[in-house]
Structure formats: structure tokens, C-alpha cells
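Chain by chain, the residues:
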Amino acid sequence: MNWAEAYVKYMSQWLIDKCCDDMELMADGGKKFDNKVEWGIDLASEHERFLTENEFQKPVIVYNYPKGIKAFYMRLNDDSKTVAAMDVLVPKVGELIGGSQREERYEVIKERILEMGLPLKPYEWYLDLRRFGTVKHSGFGLGFEQCCCLRPALTTLETLFPSQDTQEEQICN
């Protein structure tokens, strides 16, 4: 527990205030990317690695992503353009942890489902969780493979797991 708390304090030193800020950093930086850099498009691996390896040269937490690229259940911020979501980005890996606060307001989540062109019927059970009361809550995920890539010798997911060809060679020999 103490280690986790110390890690969060350490990581919090490099918060980027909004996802929009890192888009501006990359767009104005003069670097050419294979994937477009503009507001409303999700960060690609090359963008995540640029931020951590070139711009800041350390882990970074990016938060307040555009609502259009995130799931309907992520809590809509007061600006109605972004959601309360965050990613922990680390050098040589990119996204290590992704998380968000979940939408607890019934009318807002119902509107988000409709906005995304999804039918309400399959989500009635989910809406009932909000309709009949819920608490503010969040969720996050830590990528096991990405965590393993933090080891110095393992820099990509490809080096972590043998390919099908390699496995067949080992079985056949």
C-alpha cells in the first residue's frame, strides 16, 4: 500500500492538464507523425511514446479525453466536451494504465448512449443501475504485458511473447 501511494505521488508530478494540451504540444512541435494529431482523435502509440520519451522524458498522466473517442459510461465533464478519463503513459511502452470515473447520472448516461447511436434496449439493465441509485465510482486497468515491458530487455510486446512460428519450431524439434 505504501509503495502504491508513493508511486502515485511520484507520477502526479507530471500531469498534463488536459488531453488538448498534449495535442497542442505535438501539433506545434514540428515533428511529423504517421498518425494525424488533432483534437478528437485518440492518441496513437507514436504520440504516447513521443510525449514520454521526447517531450517530458519521464512518465506522464494524460486526462480529460474528448468524449467522442471514449465509451458512453465514462463520466461527462462539466464542459460537455470531455470525459473524466486518464492514461498513465511511460517511456518505451506507451499506455500502462487506463481508467475513468463512471457516469452516475441517469439522464446523462441515457443521452450518451443515444448520442453514440446505440439502442437503449440492450442497456436497460445498465440504466436501471443508475435509475434506482448508485454511488460515484471509477474503474481502471493495468496492462500485464505492458507492465512486463518495463523490464529493460523487453521493449516491445513482440519480444515478450514468442510468435506462433517460434512455438511450432520448439515443439517440433
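For clarity, every value in this text was computed on a predicted model and none was experimentally measured. (Residues numbered from 1 in each chain as written. Predicted model: local features only at pLDDT ≥ 70, side-chain atom pairs only at ≥ 80, totals over all residues. Heavy atoms only, no water.)

Enquirer: If you had to explain the overall build of the protein chain to someone new, which residues and values would you point to?
Expert: Across its full length, the protein chain carries eight helices and five strands. Written out in order from the N terminus, the α and β elements of the protein chain read α-β-α-α-β-β-β-α-α-β-α-α-α. Across the protein chain, contacts joining residues at least 24 apart in sequence account for 56% of those joining residues at least 6 apart. Counting only carbon and sulfur atoms, one obtains 54% of the accessible surface of the protein chain, whose full area is about 10900 Å². (Helix = DSSP H or I, 4+ residues; strand = E, 2+ residues; numbered from the N terminus. Contact = heavy atoms within 4.5 Å. Areas by Shrake-Rupley, 256 points an atom, 1.4 Å probe, with all protein chains shown as cover.)

Enquirer: Residue-level account of the side chain of Asp 87, with values.
Expert: Tracing the backbone through its elements, the reader meets Asp 87 in strand β3 (residues 82–90). Here Asp 87 sits buried without a salt bridge, and the closest side chain of opposite charge, Lys 70, lies 4.3 Å off (N-O distance). Here the side chain of Asp 87 touches Tyr 65 through a polar contact of 2.8 Å, side chain to side chain. Apart from residues lying up to four places away in sequence, Asp 87 is in contact with Val 60, Ile 61, Val 62, Tyr 65, Lys 70, Glu 95, Ile 97, Gly 98 and Gly 99. (Buried < 20%, exposed > 50% of the residue type's maximum accessible area, 1.4 Å probe, protein only. Lys, Arg positive; Asp, Glu negative; His and termini not counted. Salt bridge = Lys/Arg side-chain N within 4 Å of Asp/Glu carboxyl O. Polar contact = N/O pair within 3.5 Å; in protein donor to acceptor, adjacent residues only side chain to side chain.)

Enquirer: Please provide a residue-by-residue account of unusual backbone geometry, values included.
Expert: Not every positive phi belongs to a glycine, and Ser 80 is a case in point at roughly 60°. Along the chain, Ser 80 turns up in the loop between β2 (60–66) and β3. Unusually for a residue other than glycine, Lys 92 sits at a positive phi of about 70°. Of note, Lys 92 is situated in the loop between β3 and β4 (94–101). For Lys 92, a relative accessible area of 48% corresponds to the partly exposed category.

Enquirer: Tell me about the packing of aromatic side chains, and please be specific about residues and values.
Expert: Evaluation of the coordinates by the stated rule reveals five aromatic pairs. When the centroid spacing of 5.8 Å and the interplanar angle of 80° are considered together, the rings of Phe 72 and Tyr 126 count as edge-to-face. Taken together, the positions of Phe 72 in the loop between β2 and β3 and Tyr 126 in helix α5 (residues 124–131) put the pair 54 residues apart, joining distant regions of the chain. Per residue, the accessibility class of Phe 72 equals that of Tyr 126, and both read buried. Ring geometry for Trp 125 and Tyr 126: centres 5.4 Å apart, planes at 85°, overall edge-to-face. Put simply, the rings of Phe 72, Tyr 73, Tyr 123, Trp 125 and Tyr 126 pair up and form one aromatic cluster. When the ring centre of Tyr 65 is taken as reference, the NZ or CZ atom of Lys 70 above it lies at 4.4 Å. (Phe/Tyr/Trp six-rings, centres within 6.5 Å; stacked < 30°, edge-to-face > 60°. Lys NZ or Arg CZ within 6 Å of the ring centre and 35° of its normal.)

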